[in-house]
Amino acid sequence: MAAIRTIFYCQNCGAKAPKWLGKCPTCGEWNTYVEEVVVKEAKPQAWRSKERNARDVKPQKLADISKNNQQRIVTDDAELNRVLGGGIVPGSMVLLGGEPGFGKSTLMLQLSLLLNNYKVLYVSGEESEQQIKMRAERLPSNNTECYILTETNTENIFTHIAALEPDVVIIDSIQ
């Protein structure tokens, strides 16, 4: 679809402006700006591209899709496992939302500490390491592979994820 923009040009000197001006700042003449509509052809959308992906994908009937048992990370919290359909699916993303003060951070820290045999990176953009440590001391803890990172820069977070290669990443919070 074409992008439509409006530009204002001075009829006297040809200066242009994004909005109408009473006096042209270039030539000093009054009431010389006129509106002109500019149509810019948009680039073709990537999804409309005629190039094929390396893998040829086509729609399938739901009944024809084979069901393989997806391995899940089963937590020590039976209710969380139930809500997640039997545990955490590797490669999936889960967004936990709620009002401030409902205990989302505490629940995720507790999950980090209960995931035995998994390397967990808990990234906090709101609390210091000391605050997280104080809360962690009040929770049951079995996981010796729980790492804490206090960072808000996405690029730095991805760098640490690549270096640590955790099994589970928890980011608290997304703003």
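Now for a quick tour of the structure. (Residues numbered from 1 in each chain as written. Predicted model: local features only at pLDDT ≥ 70, side-chain atom pairs only at ≥ 80, totals over all residues. Heavy atoms only, no water.)

## Considering the overall build of the protein
- Secondary structure summary: the protein contains four helices and six strands in total.
- The order of helices and strands in the protein, counted from the N terminus, is β-β-β-α-α-β-α-β-α-β.
- Counting every position in the protein, which comprises 175 residues, the buried fraction comes to 23%.
- Counted over contacts in the protein with a minimum sequence separation of 6, partners at least 24 positions apart contribute 55%. (Helix = DSSP H or I, 4+ residues; strand = E, 2+ residues; numbered from the N terminus. Buried < 20%, exposed > 50% of the residue type's maximum accessible area, 1.4 Å probe, protein only. Contact = heavy atoms within 4.5 Å.)

## Describing the side chain of Asn-143
- With respect to the helices, strands and loops of the structure, Asn-143 is situated in the loop between helix H3 (129-136) and strand S5 (146-150).
- A distance of 2.8 Å separates a polar side-chain atom of Asn-143 from the backbone oxygen of Leu-115.
- If we skip the residues at most four places from it in the chain, Asn-143 touches Ser-112, Leu-113, Leu-115, Asn-116, Tyr-118 and Val-120. (Polar contact = N/O pair within 3.5 Å; in protein donor to acceptor, adjacent residues only side chain to side chain.)

## Here we look at the sheet that holds S5
- Strands sit in the order S5-S4-S6 across an open sheet of three strands; the sheet is parallel. The strands lining the two open edges of the sheet, one partner per strand, are S5 and strand S6 (168-172). Within this sheet the neighbouring strands show an average axis-to-axis angle of 15 degrees, counted without direction.
- Examined bridge by bridge, strand S4 (residues 120-124) and S6 share five bridges and lie parallel to one another. In the strand pairing of S6, Leu-121 is matched with Val-169.
- Against the sheet, helix H2 (residues 104-114) makes contact with S4, S5 and S6, and its axis sits at roughly 160 degrees relative to S4, the strand it touches most.
- Across the sheet, H3 touches S4 and S5, and the angle it forms with S5 is around 145 degrees. (Pairing = 2+ DSSP bridges. Axes fitted to C-alpha atoms, helices over the stretch in contact; angles between N-to-C directions.)

## Observations regarding the pattern of salt bridges
- Taken as a whole and judged by the stated rule, the model has two salt bridges.
- One salt bridge in this structure joins Glu-79 and Arg-82, with 2.7 Å as the shortest N-O distance. With Glu-79 and Arg-82 both in helix H1 (residues 78-83) and three residues apart, this pair spans about one turn of that helix.
- Overall, Arg-82 belongs to the exposed group, its relative accessible area being 55%.
- For Glu-127, the salt bridge is made with Arg-135, and the minimal N-O distance between the two is 2.1 Å. (Salt bridge = Lys/Arg side-chain N within 4 Å of Asp/Glu carboxyl O.)

## Side note on the sheet that holds strand S3 (residues 33-40)
- Strand order in the open sheet made by the three strands is S2-S1-S3, with antiparallel pairing throughout. The strands lining the two open edges of the sheet, one partner per strand, are strand S2 (16-17) and S3.
- Relative to S2, strand S1 (residues 3-10) runs antiparallel, the two being bridged by two bridges. In the sheet register, Tyr-9 faces S2, and the bridge partner there is Lys-16.

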